[in-house]
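Reading the structure
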Amino acid sequence: MREFSRIGVVGCGLMGAGIAEVCARAGLDVLVAERTPEALAAGRSRITASLDRGLRSGKLTEPEREQSLGRLSFTVDLAVFADRDLVIEAVAEQRDAKTEVFRRLDEVLGSEDVVIASNTSSIPIIDLAAVTGRPQQVVGVHFFNPVPVQRLVEIIPTQLTSPEVTEQVAAFAAARLGKTVVRARDRAGFVVNALLIPYLVSAVRMLESGVASAEDIDNGMVLGCAHPMGPLRLLDLIGLDTAQSIAESMYEEYKEPLYAPPPLLRRMVAAGALGRKSGRGFYTY
């Protein structure tokens, strides 16, 4: 079974930073890319802060923290990804942004054997693979937020993905990163979001129609159904803009009203109330 040792991560927001961190903690050489020096500095700070939290909680020792930081390098130039074995795209949940990254990676990666993976939450993987000259080397690898804590990874091959690549990436996620792997067909939303998004947007519709307050909706699901977090707080954690993008992608594919973003969600995103990352969503932070 092929082993991946030189990992590239494109994007260093919440998800990209988490993916880079878990790879570095697993002893891998990790190269992280962002569009601008400012975004790169913010991503580096995000990873360092997470490692510092791990140190304070006792989950990491000081040597482990330092070794993890030492395995990370940063760039704004995708051309230096030529020596990578596996590159994971983790940019914003926008089709155009992701396809542009895949086109550029296909140009700069040195070997046709390099695997390109996407952390997309909902965009069909074949749409990304189709803009490359190596669709057999493209696979979905969907992590969950926060990546260092959440144990699940969805593996999504397309009809063109090599079976060997699918097995190699699944083995990497399980054996090297310590994740539990579930496999899904290449349908928008895969397994988790296909179930989760209708639930979340239903909670927004319930709030919008005045059935109950945000607190009562969330308490109902936490205390009545033993969920660890209510749907509106979970939306704030995911990011309302990300949730809207996922819902739009799923509605585009299925044309089912249960996937459509409610007007309240669209207006909150337009107002910049994106949840935790903006300091304000259904709750204030």
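Rules used in this analysis
- Residues numbered from 1 in each chain as written.
- Predicted model: local features only at pLDDT ≥ 70, side-chain atom pairs only at ≥ 80, totals over all residues.
- Heavy atoms only, no water.
- Helix = DSSP H or I, 4+ residues; strand = E, 2+ residues; numbered from the N terminus.
- Expected span 1.5 Å × (residues − 1).
- Buried < 20%, exposed > 50% of the residue type's maximum accessible area, 1.4 Å probe, protein only.
- Phe/Tyr/Trp six-rings, centres within 6.5 Å; stacked < 30°, edge-to-face > 60°.
- Lys NZ or Arg CZ within 6 Å of the ring centre and 35° of its normal.
- Contact = heavy atoms within 4.5 Å.
- Polar contact = N/O pair within 3.5 Å; in protein donor to acceptor, adjacent residues only side chain to side chain.
- Salt bridge = Lys/Arg side-chain N within 4 Å of Asp/Glu carboxyl O.
- Pairing = 2+ DSSP bridges.

As a further point, take helix α1 (residues 14-25). Across its twelve residues, α1 extends 17 Å between first and last C-alpha, which sits within 8% of the 16 Å expected from 1.5 Å per residue. The buried fraction of α1 amounts to ten of the twelve residues, a majority that puts the element mostly inside the structure. Along α1, the residues classified as buried are Met15, Gly16, Ala17, Gly18, Ile19, Ala20, Glu21, Val22, Cys23 and Ala24. Two residues or fewer past α1, glycine 27 is found with a positive phi of approximately 90°.

With that settled, the discussion passes to the packing of aromatic side chains. Applying the stated criterion to the full structure yields two aromatic pairs. Between tyrosine 254 and tyrosine 259, the aromatic rings sit 5.2 Å apart at their centres with planes inclined by 35°, giving tilted as the arrangement. For tyrosine 259, a relative accessible area of 11% corresponds to the buried category. A cation over an aromatic ring shows up here: arginine 233 above the ring of tyrosine 283, its NZ or CZ 3.7 Å from the ring centre.

Note that leucine 14 resides in helix α1. For the pair formed by leucine 14 and valine 147, sequence separation is 133 residues and the distance between their alpha carbons is 8.6 Å. Sequence-distant contacts of leucine 14, defined by excluding residues within four places in its chain, comprise Arg46 and Asn145.

What follows covers the environment of glutamate 248. In this fold, glutamate 248 is placed in helix α10 (residues 240-254). With residues up to four places along the chain from it excluded, the contact list for glutamate 248 reads Pro261 and Arg266. Separated by 2.9 Å, the side chains of glutamate 248 and arginine 266 make a polar contact.

Turning to its location among the elements, leucine 105 is positioned in helix α4 (residues 95-108). Residues leucine 105 and valine 10, 95 residues apart in the sequence, show an inter-C-alpha distance of 9.6 Å. Excluding its chain neighbours within four sequence positions, the residues that come into contact with leucine 105 are Val10, Leu78, Phe81, Val87 and Ile116.

Side chains that carry opposite charge are capable of pairing whenever their charged atoms lie near each other. Inspection of the entire model under this criterion finds 18 salt bridges. Across the pair arginine 65 and glutamate 66 runs a salt bridge, and its minimum N-O distance is 2.3 Å. One salt-bridge network, held together by shared partners, links Asp52, Glu62, Arg65 and Glu66.

Attention now moves to the pairing of strand β1 (residues 6-10). In terms of burial, β1 is a largely internal element, four of the five residues being buried. In terms of strand pairing, β1 meets strand β2 (residues 29-33) through five bridges, oriented parallel. Within the sheet, the bridge partner assigned to valine 9 lies in β2 and is valine 32. Pairing of β1 with strand β4 (residues 86-89), which is carried by four bridges, proceeds in the parallel orientation. Paired with isoleucine 7 across the two strands is leucine 86, which belongs to β4.

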